2 protein chains.
Amino acid sequence: MEQNTLPLNDLYAPEKRIYVATDCIIFGFDKGILKLLVFERRVDPFKGTLSLIGSFVKPNEAANDAARRVLNEITGLDNIFMEELKTYSDVERDPGARCISIAHYALIRIDDYDKELVEKHGAIWYEFDKLPKLVLDHDIMIEDALSRLRRKAKFYPIGFELLPKKFTIPQFQKLYEAIFQQTLDTRNFRKKLMSLKLLIALDEKDKSGSKKGAFLYKFDYKKYKRLQQKGFNFSLFKN
Amino acid sequence: MEQNTLPLNDLYAPEKRIYVATDCIIFGFDKGILKLLVFERRVDPFKGTLSLIGSFVKPNEAANDAARRVLNEITGLDNIFMEELKTYSDVERDPGARCISIAHYALIRIDDYDKELVEKHGAIWYEFDKLPKLVLDHDIMIEDALSRLRRKAKFYPIGFELLPKKFTIPQFQKLYEAIFQQTLDTRNFRKKLMSLKLLIALDEKDKSGSKKGAFLYKFDYKKYKRLQQKGFNFSLFKN
DNA sequence: CCAAAAGTGTTCTTCGTACACCCATGT
DNA sequence: ACATGGGTGTACGAAGAACACTTTTGG
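Residues numbered from 1 in each chain as written. Chains lettered and ligands numbered in written order. Predicted model: local features only at pLDDT ≥ 70, side-chain atom pairs only at ≥ 80, totals over all residues. Heavy atoms only, no water.

This part takes up the protein's contact with DNA strand C. If you check the shell around DNA strand C, you find 20 residues, and the closest are Arg187, Asn188 and Lys191 of chain A together with Arg187 and Arg190 of chain B. A share of 49% of the atoms of DNA strand C within 4 Å of the protein falls on sugar and phosphate groups. In this structure, Asp185 of chain A approaches DNA strand C through a side-chain N or O atom, which is 3.5 Å from a base nitrogen. Looking at the surface near DNA strand C, the elements with two or more residues in it are helix H5 (186-195) of chain A together with helix H5 (186-195) and strand S10 (214-219) of chain B. Element by element, the count of residues in the surface near DNA strand C is highest for H5 of chain A, at four residues. Classifying every residue of the surface near DNA strand C by side-chain character gives three nonpolar, four polar and 13 charged. (Near = heavy atom within 4 Å. Polar contact = N/O pair within 3.5 Å; in protein donor to acceptor, adjacent residues only side chain to side chain. Helix = DSSP H or I, 4+ residues; strand = E, 2+ residues; numbered from the N terminus. Nonpolar A, V, L, I, M, F, W, Y, C, P; charged D, E, K, R; others polar.)

With that out of the way, let us pick up the relation of the copies chain A and chain B. Overlaying chain A on chain B yields an RMSD of 0.1 Å, the required transformation being a rotation through 180° with an accompanying axial translation of 0.0 Å. What we have between these two chains is a two-fold relation. Most of the interface of chain A is mirrored in chain B: 100% of its interface residues are interface residues there too. (Least-squares fit on C-alpha atoms with pLDDT ≥ 70 in both. Contact = heavy atoms within 4.5 Å.)

When pLDDT is averaged along chain A, the result is 92, and 96% of the positions lie at 70 or above. Every residue in residues 1-6 of chain A is under pLDDT 50, and counting partners more than four places away or in other chains gives three contacts. (pLDDT = per-residue confidence, 0-100.)

On the side of chain B, 45 residues touch chain A, which itself brings 44 residues to the contact. Summed over both sides, the interface between chain A and chain B buries roughly 3,700 Å², with carbon and sulfur atoms accounting for 57% of that surface. It is Tyr12, Arg17 and Tyr19 of chain A in chain A that bury the most area against chain B; as a group they hold 21% of the surface buried on that side. Note that Lys58 of chain A is salt-bridged to Glu15 of chain B, the shortest N-O span being 3.1 Å. (Buried area = accessible area lost by both parts, 1.4 Å probe. Salt bridge = Lys/Arg side-chain N within 4 Å of Asp/Glu carboxyl O.)

Take the protein's contact with DNA strand D next. The immediate surroundings of DNA strand D are formed by 20 residues, with Arg187, Arg190 and Lys212 of chain A together with Asn188 and Lys192 of chain B found nearest. Interatomic distance of 3.5 Å between a backbone N/O atom of Gly213 of chain A and a sugar or linking oxygen of DNA strand D. Within the contact set of DNA strand D, a base nitrogen lies 3.4 Å away from a side-chain nitrogen or oxygen of Asp185 of chain B. Mapped onto the surface near DNA strand D, the elements with two or more residues apiece are H5 and strand S10 (214-219) of chain A together with H5 of chain B. No other element matches H5 of chain B, which puts four residues into the surface near DNA strand D. Partitioning the surface near DNA strand D into residue classes produces three nonpolar, four polar and 13 charged.

Next up, the structure:
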(Lines give C-alpha, C1' and ligand atoms only; values in the text may rest on other atoms or scores of the structure.)
Protein backbone atom coordinates (compact mmCIF):
# COMPACT_ATOMS: atom_id res chain seq x y z
CA MET A 1 0.00 0.00 0.00
CA GLU A 2 0.99 3.55 -0.49
CA GLN A 3 0.57 4.18 3.23
CA ASN A 4 3.94 2.75 4.14
CA THR A 5 5.73 4.94 1.66
CA LEU A 6 4.26 8.15 3.07
CA PRO A 7 6.43 10.38 5.18
CA LEU A 8 5.88 10.22 8.95
CA ASN A 9 3.98 13.50 8.85
CA ASP A 10 1.10 12.01 6.90
CA LEU A 11 0.28 8.48 7.88
CA TYR A 12 -3.47 9.05 7.65
CA ALA A 13 -3.67 9.76 3.93
CA PRO A 14 -6.86 7.90 3.05
CA GLU A 15 -8.74 10.00 5.60
CA LYS A 16 -10.09 13.41 4.63
CA ARG A 17 -8.84 16.65 6.08
CA ILE A 18 -11.12 19.50 7.09
CA TYR A 19 -10.69 23.24 7.41
CA VAL A 20 -10.20 24.24 11.02
CA ALA A 21 -10.92 27.79 12.12
CA THR A 22 -11.21 29.66 15.39
CA ASP A 23 -13.61 32.42 16.33
CA CYS A 24 -13.20 34.69 19.34
CA ILE A 25 -15.98 36.04 21.48
CA ILE A 26 -14.36 39.12 22.96
CA PHE A 27 -16.05 40.63 26.00
CA GLY A 28 -15.46 44.11 27.28
CA PHE A 29 -17.03 46.18 30.05
CA ASP A 30 -17.44 49.89 29.72
CA LYS A 31 -19.45 52.36 31.80
CA GLY A 32 -21.57 49.66 33.35
CA ILE A 33 -22.34 47.91 30.08
CA LEU A 34 -21.18 44.56 28.80
CA LYS A 35 -19.87 44.79 25.26
CA LEU A 36 -18.68 42.55 22.48
CA LEU A 37 -16.09 43.20 19.80
CA VAL A 38 -17.18 42.27 16.27
CA PHE A 39 -16.04 43.23 12.82
CA GLU A 40 -16.71 42.81 9.15
CA ARG A 41 -15.95 39.45 7.65
CA ARG A 42 -12.97 39.53 5.32
CA VAL A 43 -13.69 36.48 3.19
CA ASP A 44 -16.41 35.10 1.01
CA PRO A 45 -19.05 33.88 1.42
CA PHE A 46 -20.81 36.74 3.25
CA LYS A 47 -17.80 39.01 2.96
CA GLY A 48 -18.57 42.30 4.68
CA THR A 49 -21.27 41.06 7.06
CA LEU A 50 -20.82 41.32 10.80
CA SER A 51 -18.88 38.49 12.31
CA LEU A 52 -16.83 37.43 15.26
CA ILE A 53 -13.13 37.82 14.91
CA GLY A 54 -11.61 34.64 13.58
CA SER A 55 -9.01 32.94 11.47
CA PHE A 56 -8.10 29.62 10.02
CA VAL A 57 -5.86 27.48 12.17
CA LYS A 58 -2.60 27.16 10.29
CA PRO A 59 -0.71 23.89 9.98
CA ASN A 60 2.01 25.14 12.28
CA GLU A 61 -0.05 26.48 15.17
CA ALA A 62 -2.35 25.15 17.86
CA ALA A 63 -5.93 26.36 17.94
CA ASN A 64 -5.41 28.58 20.98
CA ASP A 65 -2.32 30.07 19.36
CA ALA A 66 -4.43 30.94 16.35
CA ALA A 67 -6.97 32.58 18.62
CA ARG A 68 -4.27 34.59 20.38
CA ARG A 69 -2.72 35.53 17.09
CA VAL A 70 -5.92 36.95 15.66
CA LEU A 71 -6.79 38.71 18.90
CA ASN A 72 -3.38 40.30 18.92
CA GLU A 73 -3.60 41.32 15.26
CA ILE A 74 -6.79 43.21 15.92
CA THR A 75 -6.35 44.65 19.38
CA GLY A 76 -2.58 44.68 19.77
CA LEU A 77 -3.04 42.94 23.10
CA ASP A 78 -1.06 40.10 24.57
CA ASN A 79 -1.55 38.10 27.74
CA ILE A 80 -5.29 38.20 27.61
CA PHE A 81 -7.59 35.92 29.54
CA MET A 82 -8.79 33.49 26.93
CA GLU A 83 -10.33 30.05 27.12
CA GLU A 84 -11.64 27.49 24.72
CA LEU A 85 -15.43 27.65 24.59
CA LYS A 86 -16.42 24.73 22.40
CA THR A 87 -16.19 23.36 18.91
CA TYR A 88 -18.80 24.07 16.26
CA SER A 89 -18.69 21.34 13.70
CA ASP A 90 -22.08 20.97 12.05
CA VAL A 91 -21.63 19.80 8.50
CA GLU A 92 -23.78 22.62 7.17
CA ARG A 93 -22.55 25.42 9.39
CA ASP A 94 -20.42 27.13 6.74
CA PRO A 95 -21.53 27.21 3.08
CA GLY A 96 -18.00 28.19 2.08
CA ALA A 97 -16.64 24.72 2.78
CA ARG A 98 -16.70 21.99 5.39
CA CYS A 99 -15.08 23.87 8.19
CA ILE A 100 -15.15 23.42 11.94
CA SER A 101 -14.59 26.30 14.31
CA ILE A 102 -13.01 26.05 17.72
CA ALA A 103 -14.53 29.03 19.49
CA HIS A 104 -12.65 30.87 22.22
CA TYR A 105 -13.85 33.60 24.52
CA ALA A 106 -11.68 36.39 25.81
CA LEU A 107 -12.05 39.05 28.48
CA ILE A 108 -10.29 42.31 27.91
CA ARG A 109 -9.85 45.53 29.84
CA ILE A 110 -11.65 47.75 27.43
CA ASP A 111 -9.37 50.75 27.86
CA ASP A 112 -6.23 48.73 27.28
CA TYR A 113 -6.58 47.97 23.65
CA ASP A 114 -4.95 49.85 20.80
CA LYS A 115 -7.76 51.99 19.42
CA GLU A 116 -6.06 52.71 16.13
CA LEU A 117 -5.48 49.07 15.48
CA VAL A 118 -9.08 48.28 16.25
CA GLU A 119 -10.35 50.98 13.94
CA LYS A 120 -7.97 49.99 11.19
CA HIS A 121 -9.54 46.56 11.15
CA GLY A 122 -13.08 47.86 11.15
CA ALA A 123 -13.78 46.37 14.55
CA ILE A 124 -16.74 47.68 16.54
CA TRP A 125 -17.78 47.41 20.17
CA TYR A 126 -21.47 46.53 20.43
CA GLU A 127 -23.52 46.59 23.56
CA PHE A 128 -24.35 43.01 24.30
CA ASP A 129 -28.09 43.61 24.26
CA LYS A 130 -28.00 45.48 20.97
CA LEU A 131 -26.10 43.07 18.80
CA PRO A 132 -27.42 42.60 15.29
CA LYS A 133 -27.58 39.20 13.66
CA LEU A 134 -24.11 37.89 12.91
CA VAL A 135 -22.86 35.60 10.18
CA LEU A 136 -23.07 31.77 10.22
CA ASP A 137 -23.59 30.29 13.68
CA HIS A 138 -21.88 33.14 15.49
CA ASP A 139 -25.06 34.10 17.32
CA ILE A 140 -25.12 30.69 18.94
CA MET A 141 -21.48 31.01 19.87
CA ILE A 142 -22.23 34.28 21.61
CA GLU A 143 -25.11 32.82 23.59
CA ASP A 144 -22.92 29.92 24.63
CA ALA A 145 -20.13 32.29 25.59
CA LEU A 146 -22.42 34.36 27.76
CA SER A 147 -23.66 31.36 29.68
CA ARG A 148 -20.10 30.20 30.09
CA LEU A 149 -19.08 33.61 31.36
CA ARG A 150 -21.91 33.52 33.86
CA ARG A 151 -21.07 30.06 35.09
CA LYS A 152 -17.40 30.85 35.32
CA ALA A 153 -17.85 34.20 37.04
CA LYS A 154 -19.74 32.51 39.85
CA PHE A 155 -16.88 30.28 40.84
CA TYR A 156 -13.74 31.88 39.52
CA PRO A 157 -12.36 35.40 39.83
CA ILE A 158 -12.45 36.16 36.14
CA GLY A 159 -14.51 39.32 36.46
CA PHE A 160 -11.34 41.19 37.30
CA GLU A 161 -10.12 40.57 33.76
CA LEU A 162 -12.80 42.94 32.52
CA LEU A 163 -11.93 45.77 34.89
CA PRO A 164 -8.93 48.06 34.99
CA LYS A 165 -6.17 46.68 37.20
CA LYS A 166 -7.21 49.27 39.79
CA PHE A 167 -10.93 49.24 40.33
CA THR A 168 -13.52 50.23 42.89
CA ILE A 169 -16.04 48.04 44.67
CA PRO A 170 -19.03 49.79 43.07
CA GLN A 171 -17.46 49.20 39.66
CA PHE A 172 -17.05 45.56 40.44
CA GLN A 173 -20.61 45.26 41.61
CA LYS A 174 -21.88 46.91 38.45
CA LEU A 175 -19.93 44.39 36.43
CA TYR A 176 -21.62 41.51 38.20
CA GLU A 177 -24.98 43.15 37.82
CA ALA A 178 -24.33 43.46 34.09
CA ILE A 179 -23.19 39.88 33.72
CA PHE A 180 -26.08 38.41 35.69
CA GLN A 181 -28.70 40.95 34.72
CA GLN A 182 -29.89 41.54 38.26
CA THR A 183 -29.37 44.10 40.96
CA LEU A 184 -27.44 43.11 44.04
CA ASP A 185 -27.51 44.42 47.59
CA THR A 186 -24.56 46.76 48.17
CA ARG A 187 -23.92 45.72 51.75
CA ASN A 188 -24.10 42.00 51.20
CA PHE A 189 -22.05 42.13 48.03
CA ARG A 190 -19.30 44.11 49.66
CA LYS A 191 -19.32 41.99 52.78
CA LYS A 192 -19.02 38.78 50.80
CA LEU A 193 -16.33 40.16 48.53
CA MET A 194 -14.29 41.49 51.45
CA SER A 195 -14.61 38.26 53.40
CA LEU A 196 -12.60 36.52 50.67
CA LYS A 197 -9.65 38.74 51.59
CA LEU A 198 -8.36 38.78 48.05
CA LEU A 199 -8.40 42.50 47.41
CA ILE A 200 -5.48 44.76 48.12
CA ALA A 201 -6.69 48.14 49.34
CA LEU A 202 -4.92 51.10 47.77
CA ASP A 203 -4.58 54.59 49.16
CA GLU A 204 -6.10 56.14 46.08
CA LYS A 205 -9.60 57.12 45.20
CA ASP A 206 -11.36 57.14 41.88
CA LYS A 207 -13.42 60.30 41.71
CA SER A 208 -14.83 59.78 38.24
CA GLY A 209 -17.98 58.14 39.54
CA SER A 210 -18.92 60.45 42.38
CA LYS A 211 -17.92 63.50 44.32
CA LYS A 212 -16.96 61.56 47.37
CA GLY A 213 -14.85 59.17 45.34
CA ALA A 214 -14.46 55.42 45.85
CA PHE A 215 -11.35 53.65 47.05
CA LEU A 216 -9.37 51.68 44.53
CA TYR A 217 -8.35 48.04 44.97
CA LYS A 218 -6.21 45.51 43.21
CA PHE A 219 -6.96 41.81 42.98
CA ASP A 220 -4.37 39.68 44.75
CA TYR A 221 -3.64 37.08 42.07
CA LYS A 222 -0.71 35.55 43.91
CA LYS A 223 -2.71 34.94 47.04
CA TYR A 224 -5.56 33.51 45.01
CA LYS A 225 -3.25 31.07 43.23
CA ARG A 226 -1.88 29.92 46.55
CA LEU A 227 -5.31 29.44 48.08
CA GLN A 228 -6.62 27.73 44.98
CA GLN A 229 -3.94 25.07 45.19
CA LYS A 230 -5.10 24.32 48.71
CA GLY A 231 -8.61 23.68 47.41
CA PHE A 232 -10.00 27.13 48.07
CA ASN A 233 -13.08 28.02 46.09
CA PHE A 234 -13.70 31.57 44.93
CA SER A 235 -17.42 32.01 44.96
CA LEU A 236 -19.48 35.14 45.25
CA PHE A 237 -22.87 33.49 45.05
CA LYS A 238 -24.52 30.48 46.43
CA ASN A 239 -26.59 29.83 43.34
CA MET B 1 -6.55 32.27 -9.31
CA GLU B 2 -8.18 28.94 -9.10
CA GLN B 3 -10.27 30.12 -6.14
CA ASN B 4 -13.02 31.67 -8.24
CA THR B 5 -13.56 28.53 -10.21
CA LEU B 6 -14.05 26.40 -7.13
CA PRO B 7 -17.51 25.13 -6.28
CA LEU B 8 -19.34 26.75 -3.35
CA ASN B 9 -18.24 23.93 -1.09
CA ASP B 10 -14.63 25.02 -1.18
CA LEU B 11 -14.16 28.75 -1.13
CA TYR B 12 -11.18 28.57 1.23
CA ALA B 13 -8.80 26.71 -1.07
CA PRO B 14 -5.56 28.56 -0.36
CA GLU B 15 -5.93 27.64 3.30
CA LYS B 16 -4.67 24.30 4.52
CA ARG B 17 -6.92 21.57 5.85
CA ILE B 18 -6.10 19.49 8.90
CA TYR B 19 -7.07 16.02 10.06
CA VAL B 20 -9.81 16.19 12.67
CA ALA B 21 -10.33 13.29 15.04
CA THR B 22 -12.32 12.63 18.17
CA ASP B 23 -11.35 10.60 21.23
CA CYS B 24 -13.79 9.39 23.87
CA ILE B 25 -13.09 9.14 27.56
CA ILE B 26 -15.62 6.53 28.61
CA PHE B 27 -16.34 6.29 32.32
CA GLY B 28 -18.00 3.37 34.02
CA PHE B 29 -18.69 2.50 37.64
CA ASP B 30 -18.61 -1.07 38.86
CA LYS B 31 -18.59 -2.48 42.39
CA GLY B 32 -17.59 0.81 43.95
CA ILE B 33 -14.79 1.49 41.50
CA LEU B 34 -14.53 4.10 38.77
CA LYS B 35 -13.38 2.59 35.49
CA LEU B 36 -12.35 3.66 32.04
CA LEU B 37 -12.78 1.90 28.72
CA VAL B 38 -9.64 1.76 26.57
CA PHE B 39 -8.51 -0.38 23.70
CA GLU B 40 -5.67 -1.11 21.34
CA ARG B 41 -4.95 1.47 18.71
CA ARG B 42 -5.85 0.30 15.24
CA VAL B 43 -3.64 2.57 13.15
CA ASP B 44 -0.02 3.50 12.81
CA PRO B 45 1.92 5.08 14.36
CA PHE B 46 1.85 3.18 17.67
CA LYS B 47 -0.57 0.60 16.33
CA GLY B 48 -1.42 -1.84 19.12
CA THR B 49 -0.64 0.42 22.08
CA LEU B 50 -3.34 1.32 24.57
CA SER B 51 -5.46 4.25 23.55
CA LEU B 52 -8.76 5.95 24.06
CA ILE B 53 -11.47 5.03 21.64
CA GLY B 54 -11.46 7.41 18.71
CA SER B 55 -12.00 8.01 15.07
CA PHE B 56 -11.43 10.56 12.41
CA VAL B 57 -14.26 13.00 11.89
CA LYS B 58 -15.61 12.32 8.42
CA PRO B 59 -16.50 15.09 5.98
CA ASN B 60 -20.19 14.33 6.35
CA GLU B 61 -20.54 14.25 10.13
CA ALA B 62 -20.25 16.64 13.06
CA ALA B 63 -17.65 15.93 15.72
CA ASN B 64 -20.19 14.77 18.27
CA ASP B 65 -21.76 12.48 15.69
CA ALA B 66 -18.36 10.94 15.11
CA ALA B 67 -17.97 10.42 18.85
CA ARG B 68 -21.38 8.79 19.09
CA ARG B 69 -20.66 6.65 16.07
CA VAL B 70 -17.45 5.25 17.47
CA LEU B 71 -18.98 4.72 20.91
CA ASN B 72 -21.83 2.84 19.32
CA GLU B 73 -19.53 0.73 17.16
CA ILE B 74 -17.66 -0.46 20.20
CA THR B 75 -20.32 -0.75 22.88
CA GLY B 76 -23.49 -1.11 20.85
CA LEU B 77 -24.98 1.65 23.00
CA ASP B 78 -27.12 4.55 21.92
CA ASN B 79 -28.46 7.53 23.86
CA ILE B 80 -25.47 7.81 26.09
CA PHE B 81 -24.61 10.86 28.16
CA MET B 82 -21.78 12.45 26.23
CA GLU B 83 -20.30 15.91 26.20
CA GLU B 84 -17.51 17.70 24.45
CA LEU B 85 -14.51 17.98 26.73
CA LYS B 86 -12.05 20.11 24.83
CA THR B 87 -9.90 20.27 21.76
CA TYR B 88 -6.33 19.05 21.67
CA SER B 89 -4.49 20.77 18.88
CA ASP B 90 -0.80 20.97 19.68
CA VAL B 91 1.16 20.87 16.48
CA GLU B 92 3.34 18.05 17.76
CA ARG B 93 0.68 15.99 19.50
CA ASP B 94 0.47 13.30 16.84
CA PRO B 95 3.58 12.17 14.93
CA GLY B 96 1.33 10.50 12.35
CA ALA B 97 0.26 13.82 10.89
CA ARG B 98 -1.00 17.24 11.90
CA CYS B 99 -4.22 16.20 13.54
CA ILE B 100 -6.42 17.83 16.11
CA SER B 101 -8.64 15.84 18.40
CA ILE B 102 -11.97 16.97 19.79
CA ALA B 103 -12.21 14.91 22.96
CA HIS B 104 -15.57 13.85 24.37
CA TYR B 105 -16.35 12.15 27.63
CA ALA B 106 -19.17 9.69 28.13
CA LEU B 107 -20.82 8.09 31.14
CA ILE B 108 -22.20 4.64 30.70
CA ARG B 109 -24.09 2.17 32.87
CA ILE B 110 -21.46 -0.48 32.95
CA ASP B 111 -23.88 -3.40 32.83
CA ASP B 112 -25.72 -2.05 29.82
CA TYR B 113 -23.11 -2.50 27.20
CA ASP B 114 -22.83 -5.38 24.77
CA LYS B 115 -20.01 -7.47 26.18
CA GLU B 116 -19.38 -9.43 23.02
CA LEU B 117 -19.02 -6.29 20.99
CA VAL B 118 -16.61 -4.85 23.50
CA GLU B 119 -14.50 -7.98 23.51
CA LYS B 120 -14.55 -8.24 19.74
CA HIS B 121 -12.90 -4.82 19.54
CA GLY B 122 -10.31 -5.63 22.14
CA ALA B 123 -11.67 -3.05 24.55
CA ILE B 124 -10.77 -3.31 28.22
CA TRP B 125 -12.17 -1.76 31.37
CA TYR B 126 -9.36 -0.41 33.55
CA GLU B 127 -9.71 0.78 37.09
CA PHE B 128 -9.11 4.48 36.97
CA ASP B 129 -6.23 4.34 39.45
CA LYS B 130 -4.50 1.50 37.65
CA LEU B 131 -4.36 2.87 34.13
CA PRO B 132 -1.11 2.34 32.27
CA LYS B 133 0.42 5.02 30.10
CA LEU B 134 -1.69 5.61 27.01
CA VAL B 135 -0.71 6.73 23.54
CA LEU B 136 -0.16 10.36 22.47
CA ASP B 137 -1.71 12.94 24.79
CA HIS B 138 -4.48 10.65 25.96
CA ASP B 139 -3.24 10.71 29.56
CA ILE B 140 -3.80 14.42 29.65
CA MET B 141 -7.26 14.00 28.17
CA ILE B 142 -8.11 11.57 30.95
CA GLU B 143 -6.93 13.92 33.66
CA ASP B 144 -8.95 16.72 32.12
CA ALA B 145 -11.98 14.47 31.86
CA LEU B 146 -11.78 13.51 35.51
CA SER B 147 -11.65 17.08 36.67
CA ARG B 148 -14.55 17.90 34.39
CA LEU B 149 -16.52 14.97 35.78
CA ARG B 150 -15.84 16.22 39.30
CA ARG B 151 -16.86 19.75 38.54
CA LYS B 152 -19.95 18.65 36.69
CA ALA B 153 -21.04 16.10 39.30
CA LYS B 154 -21.09 18.82 41.94
CA PHE B 155 -23.70 20.87 40.20
CA TYR B 156 -25.52 18.56 37.82
CA PRO B 157 -27.17 15.20 38.36
CA ILE B 158 -24.92 13.30 35.97
CA GLY B 159 -23.86 10.69 38.50
CA PHE B 160 -27.07 8.82 37.76
CA GLU B 161 -25.77 8.12 34.26
CA LEU B 162 -23.17 5.82 35.78
CA LEU B 163 -25.61 3.81 37.90
CA PRO B 164 -28.26 1.32 36.87
CA LYS B 165 -31.63 2.98 36.34
CA LYS B 166 -32.69 1.52 39.68
CA PHE B 167 -30.11 2.17 42.36
CA THR B 168 -29.76 2.38 46.12
CA ILE B 169 -28.66 5.33 48.22
CA PRO B 170 -25.53 3.54 49.47
CA GLN B 171 -24.60 2.79 45.84
CA PHE B 172 -25.01 6.42 44.96
CA GLN B 173 -22.91 7.51 47.88
CA LYS B 174 -20.14 5.08 46.92
CA LEU B 175 -20.16 6.57 43.46
CA TYR B 176 -19.62 10.05 44.82
CA GLU B 177 -16.93 8.79 47.14
CA ALA B 178 -15.18 7.21 44.15
CA ILE B 179 -15.45 10.34 42.03
CA PHE B 180 -14.24 12.69 44.74
CA GLN B 181 -11.88 10.33 46.48
CA GLN B 182 -13.17 11.07 49.93
CA THR B 183 -15.53 9.46 52.39
CA LEU B 184 -18.81 11.17 53.10
CA ASP B 185 -21.06 11.11 56.13
CA THR B 186 -23.98 8.75 55.52
CA ARG B 187 -26.53 10.81 57.39
CA ASN B 188 -25.67 14.15 55.88
CA PHE B 189 -25.38 12.72 52.38
CA ARG B 190 -28.73 11.03 52.55
CA LYS B 191 -30.40 14.04 54.13
CA LYS B 192 -29.08 16.36 51.45
CA LEU B 193 -29.95 14.01 48.63
CA MET B 194 -33.47 13.44 49.91
CA SER B 195 -34.08 17.15 50.46
CA LEU B 196 -33.79 17.65 46.70
CA LYS B 197 -36.91 15.48 46.27
CA LEU B 198 -35.73 14.17 42.95
CA LEU B 199 -35.72 10.46 43.72
CA ILE B 200 -38.69 8.19 43.18
CA ALA B 201 -38.84 5.56 45.92
CA LEU B 202 -39.58 2.05 44.66
CA ASP B 203 -41.09 -0.83 46.61
CA GLU B 204 -38.16 -3.08 45.85
CA LYS B 205 -34.97 -3.83 47.69
CA ASP B 206 -31.57 -4.69 46.36
CA LYS B 207 -30.17 -7.45 48.54
CA SER B 208 -26.89 -7.88 46.71
CA GLY B 209 -25.05 -5.52 49.02
CA SER B 210 -26.27 -6.65 52.40
CA LYS B 211 -28.53 -9.04 54.22
CA LYS B 212 -30.93 -6.36 55.22
CA GLY B 213 -31.15 -5.03 51.68
CA ALA B 214 -31.38 -1.42 50.55
CA PHE B 215 -34.37 0.24 48.94
CA LEU B 216 -34.17 1.04 45.27
CA TYR B 217 -34.86 4.46 43.77
CA LYS B 218 -35.17 6.02 40.34
CA PHE B 219 -34.05 9.51 39.42
CA ASP B 220 -36.94 11.77 38.42
CA TYR B 221 -35.58 13.26 35.19
CA LYS B 222 -38.83 14.92 34.23
CA LYS B 223 -39.13 16.75 37.52
CA TYR B 224 -35.49 17.78 37.32
CA LYS B 225 -35.96 19.22 33.84
CA ARG B 226 -38.94 21.22 35.03
CA LEU B 227 -37.13 22.58 38.07
CA GLN B 228 -34.02 23.34 36.07
CA GLN B 229 -35.97 25.57 33.72
CA LYS B 230 -37.13 27.55 36.73
CA GLY B 231 -33.51 28.15 37.70
CA PHE B 232 -33.20 25.31 40.17
CA ASN B 233 -29.67 24.22 40.92
CA PHE B 234 -28.86 20.58 41.59
CA SER B 235 -26.02 20.61 44.04
CA LEU B 236 -24.90 17.99 46.51
CA PHE B 237 -21.97 19.92 47.90
CA LYS B 238 -21.26 23.38 48.92
CA ASN B 239 -17.71 23.29 47.69
C1' DC C 1 -26.62 -15.00 67.92
C1' DC C 2 -23.63 -12.38 65.40
C1' DA C 3 -21.64 -9.95 61.58
C1' DA C 4 -22.50 -6.57 58.19
C1' DA C 5 -24.66 -3.05 55.96
C1' DA C 6 -28.99 0.08 56.11
C1' DG C 7 -31.22 3.62 58.06
C1' DT C 8 -32.24 7.54 61.23
C1' DG C 9 -32.09 12.98 64.59
C1' DT C 10 -30.11 16.61 67.09
C1' DT C 11 -27.05 20.34 68.13
C1' DC C 12 -23.98 23.84 66.87
C1' DT C 13 -22.01 26.89 63.72
C1' DT C 14 -21.77 29.24 59.52
C1' DC C 15 -23.53 31.71 55.96
C1' DG C 16 -27.01 34.03 53.29
C1' DT C 17 -30.37 37.60 53.28
C1' DA C 18 -33.19 41.41 54.32
C1' DC C 19 -33.09 45.92 55.50
C1' DA C 20 -31.92 51.95 56.36
C1' DC C 21 -29.05 55.44 57.45
C1' DC C 22 -24.82 58.52 57.67
C1' DC C 23 -20.61 60.25 55.06
C1' DA C 24 -17.84 63.04 51.97
C1' DT C 25 -17.56 66.23 48.49
C1' DG C 26 -18.17 69.23 44.21
C1' DT C 27 -21.15 72.40 42.48
C1' DA D 1 -27.10 73.58 51.22
C1' DC D 2 -27.98 69.94 48.57
C1' DA D 3 -27.61 66.25 45.39
C1' DT D 4 -25.02 62.21 44.38
C1' DG D 5 -22.97 58.13 44.98
C1' DG D 6 -19.88 55.69 48.79
C1' DG D 7 -19.75 53.23 52.73
C1' DT D 8 -21.38 50.67 57.00
C1' DG D 9 -24.08 46.84 60.98
C1' DT D 10 -27.53 43.92 62.84
C1' DA D 11 -30.96 40.39 63.43
C1' DC D 12 -33.14 36.35 61.62
C1' DG D 13 -33.52 32.02 59.34
C1' DA D 14 -31.55 28.28 56.45
C1' DA D 15 -28.29 25.14 55.56
C1' DG D 16 -23.92 22.71 56.42
C1' DA D 17 -21.15 19.84 59.57
C1' DA D 18 -20.20 16.94 63.31
C1' DC D 19 -21.54 13.06 65.64
C1' DA D 20 -23.58 7.34 67.47
C1' DC D 21 -26.89 4.17 67.80
C1' DT D 22 -30.78 0.91 66.30
C1' DT D 23 -32.62 -2.17 62.70
C1' DT D 24 -32.75 -6.07 59.70
C1' DT D 25 -31.59 -10.49 58.26
C1' DG D 26 -28.76 -14.37 56.19
C1' DG D 27 -25.70 -17.59 57.62
